[in-house]
Amino acid sequence: MSAIQLWRRVRRVDKPVAVIVGVGNLLLCAVLFFMAIGGLLSSGASTREEETAARILAGQIFGCWLVGGLMLFSVLVMTRALFSHLATMLFTPIALTLILLLL
C-alpha cells in the first residue's frame, strides 16, 4: 500500500470517525464528571482522601485522553475528528457543570 492510498483511506474515514469520537467522548466525559463529583457511578468514597484521589484520577484520565486524541488526530490529519474531539472534550464538562448548577 502506497502513502497516497493510505492518505485517501484516512480521508475517507474521517467523517465516520468524527461521529464515533464525539459520542465516545460524551460518554467518557459524563463518567469522569460523575467520578470527579463523587456521583452515582463511583464506588462511593467515604473519606475526603478517597474523594480527592477520585477527583485527581478523573483529571489525569481527562488530560491524557484530551492530549492523546489531539496528538493522534493531528498526526493522522483527520481534521473533522480533531475538531469533534476538541469540542466534545471542552464543552461537555462545561455543559454538565451548568446542568448541575441549574438543578
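Model, not experiment: these values are computed from the prediction.

### What to know about the confidence of the model for the protein
Looking at the protein as a whole, its pLDDT mean stands at 86, while 92% of the residues score no less than 70. At the level of individual helices and strands, the protein shows its lowest average pLDDT in helix α1 (residues 3-12), which scores 78, and its highest in helix α4 (residues 79-102), which scores 91.

### Details of a nonpolar patch on the surface
A cluster of nonpolar side chains, F83, L86, L90, F91, I94, L98, L101 and L102, forms an exposed patch at the surface whose accessible area comes to about 880 Å². Looking at the element boundaries, L86 is found in helix α4. For L86, a relative accessible area of 30% gives the class partly exposed.

### Thoughts on the packing of helix α2 (residues 14-36) against helix α3 (residues 48-75)
Interaxial distance between α2 and α3 falls to 9 Å at its minimum, and their mutual angle equals 165°. Taken together, the axes of α2 and α3 are roughly antiparallel relative to one another. Between α2 and α3 lies a crossing of left-handed hand. Taking contact as the criterion, the partners of V17, V21, N25, L28, C29, L32, M35 and A36 in α2 are, on α3, A54, R55, L57, A58, I61, F62, W65 and F73.

### With respect to the state of the cysteines
Covalent bonding between the sulfur atoms of two cysteines defines a disulfide. Considering all chains together, one arrives at 0 disulfides under this definition. Cysteine C29 remains unbridged, with the sulfur of C64 as its closest cysteine sulfur at 14 Å.

### Concerning α3
Compared with an ideal rise of 1.5 Å per residue, which puts 28 residues at 40 Å, α3 spans 40 Å between its outermost C-alpha atoms and is within 8% of the ideal. Residues of α3 that are buried include every one of A54, A58, L66, G69 and F73, and no others. On its buried side, α3 packs onto α2 and α4. Directly beyond the C-terminal end of α3, a positive phi value near 55° is found at V77.

### With respect to the nonpolar core
Core analysis: the biggest nonpolar cluster contains 7 residues, these being V10, A18, V21, F73, M78, A81 and L82. Within the residue set of this core, elements represented by two or more residues are α2 and α4. In this structure V10 touches L76 and M78, once residues within four positions along its chain are discounted.

Reading the values: rules and limits
Residues numbered from 1 in each chain as written. Predicted model: local features only at pLDDT ≥ 70, side-chain atom pairs only at ≥ 80, totals over all residues. Heavy atoms only, no water. pLDDT = per-residue confidence, 0-100. Helix = DSSP H or I, 4+ residues; strand = E, 2+ residues; numbered from the N terminus. Patch = residues over 30% accessible without salt bridge, like charges linked within 9 Å, V, L, I, M, F, W, Y side chains within 5 Å. Areas by Shrake-Rupley, 256 points an atom, 1.4 Å probe, with all protein chains shown as cover. Salt bridge = Lys/Arg side-chain N within 4 Å of Asp/Glu carboxyl O. Buried < 20%, exposed > 50% of the residue type's maximum accessible area, 1.4 Å probe, protein only. Axes fitted to C-alpha atoms, helices over the stretch in contact; angles between N-to-C directions. Parallel < 35°, antiparallel > 145°, perpendicular 65-115°, else oblique. Left-handed = near helix turned anticlockwise from the far one by under 90°. Contact = heavy atoms within 4.5 Å. Disulfide = S-S within 2.5 Å. Expected span 1.5 Å × (residues − 1). Core = buried A, V, L, I, M, F, W, Y, C linked by side-chain atoms within 4.5 Å.

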